[in-house]
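Spelled out, the chains give:
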Amino acid sequence: MVLSPFEITAIMKKIRAAYCPKISIIITLGACFLYACTPVSRNLPAYWLDAGTMESPLSPGYDLLSSADNPENGWTWETKPDSAVWHTDYRPGLPLLEDGLLFKEQAVLKIKTQPGTYFLTATVGQAGDTAIVEIETNQTKWHAELPWRRIRHQSFREKIEITGDSLVITFRTQLGQGLIKAVELQPVMDYFPLPSGLETDTAIVGKLADELENKLKHDPQNTALRAQWIQSLKYLQAARYYDIGWWSWAVKATKMSIFPRFDVASDYLRQIVADPNDPLYDRAAYLLGKIHYWLYLEQEFAHDKIEAREFFDLLGDRYPDFELLRMYRGEKITYESPCNNADPTAPRWAVLQRELMCRMLEIIHWWVSEKQAENGELGGKFGDDVEILRWWLPAILGADDSLARVGYTRLAEGVWQSGTLENAYSKKLEDVEHAAELFRDTHSALLMIHYGDPEYVERCLRSMQNFRDVWTGITPRGHRHIKSSHFSATAMREGPPFGVDVPMNTRATLPGLWAAWYSHNPQLVQLFTEWGKAWVEDAARTEKGKPKGLLPAAVSFPGDEIGGYSPEWYFPRQGWDYYNWQHMGGVSEMYHQLIGMYDITGDETFLIPVNETIRLARDTKGKGDSKVEGSAAWAGAYLRGEVADDENHRRDGISMMNIARTITGNNQFDAFLGAYGSPYLQYTLDGNISRIESGLEEAVEALRYNLPLRTTEVKFTDRVYVEGEDLLSGMYTGHPGKGIEYPGMAVTWKNTGREIAVLTEAATPGRLKVQIYNFGPAKTIQMQLWRLKPGLYSLHGLPGTTRIEVTERGQMIPIMIPEGILLNVEIEAEKISKDTFFPSADLAINSRDIVVDGRTIRATVHNIGNQTAENITVVCRVNGKDSGKHLIARLPAPLNMAAQTAVIEFESQEDVGEAQIEIIYSGKEITKLNNRANSLDF
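To start, this report covers the structure provided alongside it. Throughout, a residue's number is its position along its own chain's written sequence, starting from 1. Note on the predicted model: pLDDT of at least 70 is required for a residue's local features to be given, and 80 or more for side-chain atom pairs to be given and counted; whole-chain, interface and lining totals, by contrast, use all residues. Hydrogens and water are ignored here; the side-chain numbers use all heavy atoms of the structure.

**Description of the overall build of the protein chain**
This is how the line gets drawn: In DSSP terms, a helix is any run of H or I states spanning at least four residues, a strand is any run of E spanning at least two, and both are numbered starting from the N terminus. Radius of gyration here is computed from C-alpha atoms only, and the compact-globule reference equals 2.2 Å multiplied by the residue count raised to the power 0.38. The classification of residues rests on relative accessible area computed with a 1.4 Å probe and restricted to protein chains. Under 20% of the type maximum is buried, over 50% is exposed, and intermediate values are partly exposed. When checking whether two residues touch, look at their non-hydrogen atoms; a contact exists if any pair is within 4.5 Å. Here, Shrake-Rupley sampling with a 1.4 Å probe gives the accessible areas, and only protein chains in the shown set may cover a residue.
Looking only at helices and strands, one finds 25 helices and 35 strands in the protein chain. In terms of overall dimensions, the protein chain is globule-like: its C-alpha atoms have a radius of gyration of 33 Å, near the 30 Å expected for 938 residues. In terms of overall dimensions, the protein chain has a C-alpha envelope of 100 × 75 × 60 Å along the principal axes. Of all 938 residues assigned to the protein chain, the portion counted as buried reaches 60%. Restricting to contacts in the protein chain with at least 6 residues of sequence separation, those with at least 24 account for 69%. If you sum the accessible surface of the protein chain, you get close to 35200 Å²; carbon and sulfur atoms cover 49% of it.

See below:
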């Protein structure tokens, strides 16, 4: 379908109106306003005028438009602008946009020309906070209210018919000061052809631009060459701004984040699509569609969705076989599974799990192998890149995928080294959802991914020094609360409206919860106990109509007011909707904090709000008016997921209940959770495997289509979603959530890979039952035990009956898995020991702690437990041979959350190729897996 110029113009008007309702475009139609496509002579005058100062650089192909008359070059001022300016605070990397002519009321430009059909382009900007600029000729009138989205300029391009010997352009401001940035007047002419297509192939367009530039050198008066060359440069700049994404180097180079860069690109591309005959039209329209598609996914502004659809629909009928365009228009394009699941003997759940994991790993591997930079970035800025890790844990803790582990760790280390953190938290003072994600999303789970690595434990403890010293205080009620919802490592934004403790503040403390799980650090446990019990008491309050037992959306500091500085308990007025109670995500994270504290301390006080909330969700079904905001019926409907804003919010509320059931073992709500729980939790309650299979089928189905929209096409890394990670987490580890909420895994795995399918059927402190199926050749895997208490256990399901003794958390059990046979493995307690894992020292070293300098080996030994260690022997081996030993008489535990280390040196008698350090300690430790390290592993 080829659209007429009238149809194109009508569509563009519709798009512009949707894009920014404050911008109106008024086109005065008269007998002289024609849409003739006939080329005119290149002898007609043409102008490309870059407004600015005598010192500011000119854009390629442009002449200077100064505040002085220049009749020799064909233009004069009937009303002159006030001055020329060269910005120091608005430099989007393009000379055309970095300077301009300032006017306060009106500026009138007269351009000498000849009768004919022209394209007129005007670019205007603002000098202060805002400006309203009108551009008027005898044929057309434009109106711009600036700033336009996130940029301080806006361009207009229209085809006009000039009947006289001049064109008068009037610029007016109705508010603030306006800027004239550029004026272009070019006759309508023939174009040099370009191969058709939609790909953002800058090589093709770049070659065209080079050819046009070379021709222009030999024919400098050819305005058709000049016009098309300048348009090609605009397209190339727009494509570059789109392609470079949100890499830190791109922000530094352009002095802009991705959002204003997208707006600059959109502004340039709109100039191209103003002419349907431009050979770049299709490419520009396609790139505009992609820009607004990704902007909508990231920000959910309706006008972006409308525009993306409009631009894609312009091209759909003309490129019916272009698969990417079909994907962007909503069509599902299948792709083959990277795993062959042709195994008729395998259980259905195993086949589906394997396909889901294979597809998940295909996406992860692309990001790590093809996209990730050496500094860990994935191209979407660190703050968004880290969110992609939220669904990677099943691949690492279940499938034991080494590349996923490398990518996860590299990104975490990149954040740590990026300069964005101070004292293990964000330097930038902003709301906790954004400030916390850098450290929280990268470092929390490292305590299990790299279990026993002292550096990660110490980093998480260090971050909680902020909780102790900066973030929290004691209110008149005697409650410990975080003082604000906006804070950095060093500062708090106190007072109304942000001086409130909110459930989402647990985003900042999650690394501390994992650290408390790891070592039971007494100071940290005490601080979290005070904070958690304050929230328990606040949940029992009923001010502002809050149902008893529910956590409020906020508590003011220091006033202890429920709901913060808001008349409603559920709407704290924090700007972002995810702070509202009904969003569920942030609120559920405080429940996870309380459940974790119960698991660490055994204090059932922490479970009171958890149980009261589940009880309310159960007992309000069919009772009361769920439309009355803030009521018990309304809250219950949200908790059951009946009126949640979206699927993620529904899952957040239910996930809390699933985790509570798993960690506590409390079965009083099983009938309710059997109806509302996750597929995995429902399976553990009734054994109906179809629940698991249905959940897997739904997740797999979502991943069978449109792979590029999760890989090559992605512009915002926090919008890369993989469904089913919570189901995989449950099946592999027995944790019924995503896994990041709290380290409630019963088991994790080593040497499994994508060929081993696992279903954790039951997991209690005294029993673990799993099904294992191997699609590949026979191999030995290891199961790592996390929730079994110390004691003597029988191991069933393998040849003979084997007894094992569990002596430490994270203990490894090797299992030989034959090919093509379903194993049912059960570990059951024969005798639970009275011993506990804590208190314990924990002597630790990693490969980074071994520094070789010539023949000197320097080793740093850590204690990351919660008890002092004495009489520690440290042995050094060089090139496989003993090279000496040292005794550390005493190494305290980090009870004040500051690292406790001892540095020792060894002198080798030979050149050091490999240095191995081993810690020998006869006392009780959290784990002995971290007692040995090799310098070559670094």
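There is more to say after this.
**Section: the pattern of salt bridges**
Inclusion rule: The salt bridge definition used is simple: a Lys or Arg side-chain nitrogen within 4 Å of an Asp or Glu carboxyl oxygen.
For the structure on display, the rule yields 58 salt bridges. Of the charged contacts in the structure, one is a salt bridge between Asp313 and Arg309, with a shortest N-O distance of 3.3 Å. Here Arg309 and Asp313 lie together in helix α7 (residues 302-316), a separation of four residues that amounts to about one turn. One salt bridge connects Glu331 with Arg326, and the closest N-O pair in it is separated by 2.7 Å.

**Describing the side chain of Ser485**
For Ser485, the position within the fold is in the loop between β16 (480-482) and β17 (486-487). Of the residues examined, Ser485 reaches a relative accessible area of 0% and is grouped as buried. Excluding its chain neighbours within four sequence positions, the residues that come into contact with Ser485 are Glu430, Asp431, Val432, Phe498, Val500, Val502, Asn505, Gln574 and Tyr579.

**Focus on the sheet that holds strand β20 (residues 747-750)**
Convention followed: Here, any two strands with at least 2 DSSP bridges between them count as paired. Simply put, an axis is a line fit to the C-alpha atoms, just over the touching stretch for a helix, and the angle between two N-to-C directions goes from 0 to 180 degrees.
Read across the sheet, three strands follow the order β20-β23-β26 without closing on themselves; strand pairing throughout is antiparallel. Each edge of the sheet is formed by a strand with only one pairing partner; in this case those strands are β20 and β26 (811-817). Direction aside, neighbouring strands of the sheet carry axes that sit 30 degrees apart on average.

**Observations regarding the sheet that holds strand β27 (residues 822-832)**
Strand order in the open sheet made by the five strands is β21-β22-β27-β24-β25, with antiparallel pairing throughout. A single partner strand is all that each edge strand has here, and the edge strands are β21 (756-764) and β25 (802-806). With direction set aside, neighbouring strand axes in the sheet form an average angle of 20 degrees. Across five bridges, the pairing between strand β24 (residues 791-796) and β25 is antiparallel. Bridge pairing in β25 places Leu792 opposite Glu805. Sitting on the sheet, helix α23 (residues 679-686) is in contact with β21 and β22 (767-774), with an inclination near 60 degrees to β21.

**Structural notes on the packing of aromatic side chains**
Worth spelling out the cut-off: For this analysis, a ring pair means two rings from Phe, Tyr or Trp (six-membered ring only for Trp) whose centres lie within 6.5 Å, classed as stacked if their planes differ by under 30 degrees, edge-to-face if by over 60, and tilted for the remaining angles. Remark: a charge is flagged as sitting over a ring if the NZ atom of Lys or the CZ atom of Arg is within 6 Å of the ring centre and within 35 degrees of the ring normal.
Per the counting criterion, the structure on display carries 38 aromatic pairs. Summarising the aromatic geometry, the rings of Trp246 and Phe716 are spaced 6.2 Å apart at their centres and angled 85 degrees between planes, so their arrangement reads as edge-to-face. Here Trp246, found in the loop between α3 (223-243) and α4 (248-254), pairs with Phe716, found in the loop between α24 (689-703) and α25 (725-733); they are 470 residues apart in sequence, far enough to count as distant. For Phe716, a relative accessible area of 0% gives the class buried. Judged by centre distance (5.5 Å) and plane angle (75 degrees), the rings of Tyr286 and Phe322 are edge-to-face. Here Phe322 lies in the loop between α7 and α8 (323-328) and Tyr286 lies in helix α6 (residues 281-299), a separation of 36 residues in the sequence. In this structure Phe322 comes out as buried when scored by relative accessible area, which is 15%. Here the aromatic residues Tyr286, Tyr293, Trp294, Phe312, Phe322 and Tyr328 are joined through ring pairs into a cluster of three or more. The ring of Phe606 has Lys533 lying over it, and the distance from NZ or CZ to the ring centre is 5.9 Å.

**Quick word on the state of the cysteines**
Rules: Here, the term disulfide refers to a pair of cysteine sulfur atoms separated by no more than 2.5 Å.
With the rule as written, the count across this model stands at one disulfide. The disulfide partner of Cys339 is Cys358, and the gap between their sulfur atoms is 1.6 Å. Between Cys339 and Cys358 the disulfide shows an S-S torsion of about -75 degrees. By sign, it is left-handed. One end of the pair, Cys339, is in the loop between α8 and α9 (348-371); the other, Cys358, is in helix α9, with 19 residues separating them in the sequence. Of the two residues, Cys339 and Cys358, neither departs from the other in class, the shared state being buried.

**Brief notes about the pairing of strand β31 (residues 869-878)**
Inspection of the sheet shows β31 paired to strand β32 (residues 881-891) by eight bridges, in the antiparallel sense. Following the sheet pairing, Arg877 is matched in β32 by Asp882. Count of turn residues in the β31/β32 antiparallel hairpin: two residues, of which Asn879 carries a positive phi of about 55 degrees.

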